[in-house]
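Structure assessment
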Amino acid sequence: MGKKSLLKGAAVMAAAGIIVKLLGAVFRIPLANMIGSIGMANYSPAYSLYSFLLVFATAGLPVAISKMVSERCAVGQFREAERVFRLSRTLMMIIGIIGFIVLFFCNELIAELINLPGSALSMRATAIALLLVPIMSSYRGYFQGMQEMRPTAISEVAEQLFRVVFGLLLAHLMLSSQFEMLGYTAEQRGAAGGCFGASAGSIGGLAVMLIVYMVSRRKIKLRIKRDRTREHESSKTILKKIAAIAIPITIGAAIMPIVNLIDAGIVQTRLLSSGWDATAAESLYGQLTGFASPVIQFPQVFMTAIVMSLVPMVSAAHRLGNRKELHEHISLGMRTTTIIAFPAAVGMFVLAEPILTLLYSSQKASAIGAAPCLQIYSIGFVFLAIITTMTGALQGIGKQHLPVINLCIGVAAKFIVTWTLTAVPFINVKGAAIGSATAYLIAMILDIIVIRKYSGVRFPVGLTVIKPLVSALVMGAVVILVYMGLDSLLGSSGTATLIAIFIGVVVYGLMVLRTKTIRREELMDISFGRKIVSICDKLRLW
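Notes on the structure follow. Remember, predicted model here, so these are calculated numbers, not experimental data. (Residues numbered from 1 in each chain as written. Predicted model: local features only at pLDDT ≥ 70, side-chain atom pairs only at ≥ 80, totals over all residues. Heavy atoms only, no water.)

Another aspect to go through is the side chain of Arg270. Position of Arg270 among the secondary structure elements: in helix α9 (residues 235-273). Reaching out from Arg270, the side chain makes a polar contact with the backbone oxygen of Trp419 at a distance of 2.8 Å. Those residues in contact with Arg270, other than ones at most four positions away along the chain, are Trp419, Thr422 and Ala423. (Helix = DSSP H or I, 4+ residues; strand = E, 2+ residues; numbered from the N terminus. Polar contact = N/O pair within 3.5 Å; in protein donor to acceptor, adjacent residues only side chain to side chain. Contact = heavy atoms within 4.5 Å.)

Within this structure, the stated rule accounts for 10 salt bridges. A salt bridge links Arg72 to Glu233, with the shortest nitrogen-to-oxygen separation between them at 2.7 Å. In this pair, Arg72 is assigned in helix α2 (residues 61-74) and Glu233 in the loop between α8 (186-226) and α9, connecting sequence segments 161 residues apart. A relative accessible area of 10% places Glu233 in the buried class. Of the charged contacts, one joins Glu82 and Arg217 as a salt bridge, the two residues approaching to 3.1 Å between their closest N and O atoms. Pair noted here: Glu82 is in helix α3 (residues 78-105) and Arg217 is in helix α8, with a separation of 135 residues, a long-range link. We note that Glu82, like Arg217, is buried. A single network of salt bridges, built from pairs that share partners, joins Lys67, Glu71, Arg72, Glu233 and Lys241. (Salt bridge = Lys/Arg side-chain N within 4 Å of Asp/Glu carboxyl O. Buried < 20%, exposed > 50% of the residue type's maximum accessible area, 1.4 Å probe, protein only.)

What follows deals with helix α6 (residues 127-145). Helix length check: α6, at 19 residues, gives a terminal C-alpha distance of 28 Å against a target of 27 Å (1.5 Å per residue), a fit within 8%. Residue Val133 marks the point of greatest curvature in α6, where the axis turns by about 25°; the proline Pro134 follows within four residues. A large share of α6 lies buried, amounting to 17 of its 19 residues. Gln147, located one to two residues past α6, shows a positive phi value of around 60°. (Expected span 1.5 Å × (residues − 1). Bend = angle between axes of the 7 residues up to and from the residue.)

Okay, the packing of aromatic side chains next. Per the counting criterion, the structure on display carries 9 aromatic pairs. Measuring from ring centre to ring centre gives 5.2 Å for Phe100 and Phe104, while their planes differ by 15°; the resulting arrangement is stacked. Here Phe100 and its partner Phe104 are both found in helix α3, 4 residues apart, which amounts to about one turn of the helix. Taking the relative accessible area as the measure of exposure, Phe104 reaches 31% and is therefore partly exposed. (Phe/Tyr/Trp six-rings, centres within 6.5 Å; stacked < 30°, edge-to-face > 60°.)

This paragraph deals with unusual backbone geometry. Even without being a glycine, Asn428 presents a positive backbone phi close to 40°. Locating Asn428 in the fold gives a position in the loop between α14 (401-421) and α15 (430-455). Backbone geometry at Lys516 places phi at a positive 60°, although glycine is not the residue there. Relative to the elements of secondary structure, Lys516 occurs in the loop between α17 (493-514) and α18 (520-523).

Moving on, we come to the nonpolar core. Ranked by internal contacts, the top residues of the largest apolar core, which has 71 residues, are Leu288, Ile330, Leu374, Phe381 and Ile451. If one sorts the elements of this core by residue count, helix α13 (residues 364-396) sits on top with 17 residues. Ranked by size, the runner-up nonpolar core spans 52 residues in total, among them Leu121, Phe143, Leu206 and Ile242. (Core = buried A, V, L, I, M, F, W, Y, C linked by side-chain atoms within 4.5 Å.)

Our focus in this paragraph is the packing of α2 against α6. For the pair α2 and α6, interaxial distance at closest approach is 7 Å and the crossing angle is 35°. In the packing of α2 onto α6, the handedness of the crossing is right-handed. Along the contact surface, α2 presents Pro62, Ile65, Ser66, Val69 and Ser70, while α6 presents Ser137, Ser138, Gly141, Tyr142, Gln144 and Gly145. (Axes fitted to C-alpha atoms, helices over the stretch in contact; angles between N-to-C directions. Left-handed = near helix turned anticlockwise from the far one by under 90°.)

Structural data, given as structure tokens:
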């Protein structure tokens, strides 16, 4: 039942993540075309500040809620699980009110500090989201703790859908002259309309969670009524436990956004010091952050989905002291990660240039220049994927502070590597990508060491690493040969890339089955698994 829940939960969250990412792409492209570069210059800092502030409300607390609810449900303490949710919801409301006050009343001061006074209206437009998203996150954490991933998935899709529809609609309306009385330019007003999409999204997402909660109330009340346990923790104790779990996770989640902000200054400074002029340095950094980096974020959706399913299951097994089930969950989480991460990394490595030129056809020169950075990032992605999963496992066993420490050590190494290599002219901006990969490698090694120390789990190397890696390498060889052949035959790089990717998916799927990287009984547990097994039996692929 545990494996089935993990795989199904991860599949549900991954599907939702893909839809959310696609909707996000649909939003940004027409918005940029609508409000132009000046409008985006006012949109970006407002949305970046909103995203940064949101980390403190949504990164650690939902995980803490999920973990504590899962632990109590595992031992039948449904009344205490409900109390955890109610207290955390109150805490989230307070955090939301503080965030709302900061952005709604201090937006002009913040905008002046960053020398973009026109972004003040955009900041104010996101204030409602900072009020509502924390509350929505408390509901999501509650249902995740009960190992119900669909409510979160549905609300995430609803949130993004509301953001896209209302954000684009309001951006279009705010551009009209009838809103001139606001005292901002058309582009600045359009940016604010786009930013209000986040607030509209929070309204839609919270509405979905409230509906799901009301529908589930009868079942929740029935479970509480049947609860015969007598344990009762004080509100103060529960809040202390929530803080103990949430604070390290929040700090860990805030590290990389802060590093990215600091990194911009380091890379620019070191490029200029090595002889690049300002325009060239800006172009190189744009290739790294604007072209290569976003591509890596798409497969990361799958890793996040695995963790959201893994944490409550590991927490429950840890609370019950069931080491066998604990080891099974962590091992399956790690194996699922490598099964997804290896082909994604190999595919991005061998098709780095074709993928980038396909996505950024109007900026071909920059796309080609960004290809080496994407190749380096693709290697680092494997390490990052494992870090993500190990972080979830460590959170599940109550060692949430260790991944933060390990990541800090990795980040320290990143600064040294980035500072040194970026100043080497022929390496230039690739030094920053190497620095990131180095940070992930160090943090990954340390995470594996501590998870083995504190959980006693041992990962079967053949099943977890060798089989998926061999399958991915075979896929990579086939993909590059297919791409080169089709590119020469068709004369269309885009078509050749898409066909090569499709063939790569098929080849990897066949290799995974042939090498028994995925076992027959595991495949039977996931959606459409029985049909796949039936087809494999007929083709004698086992």
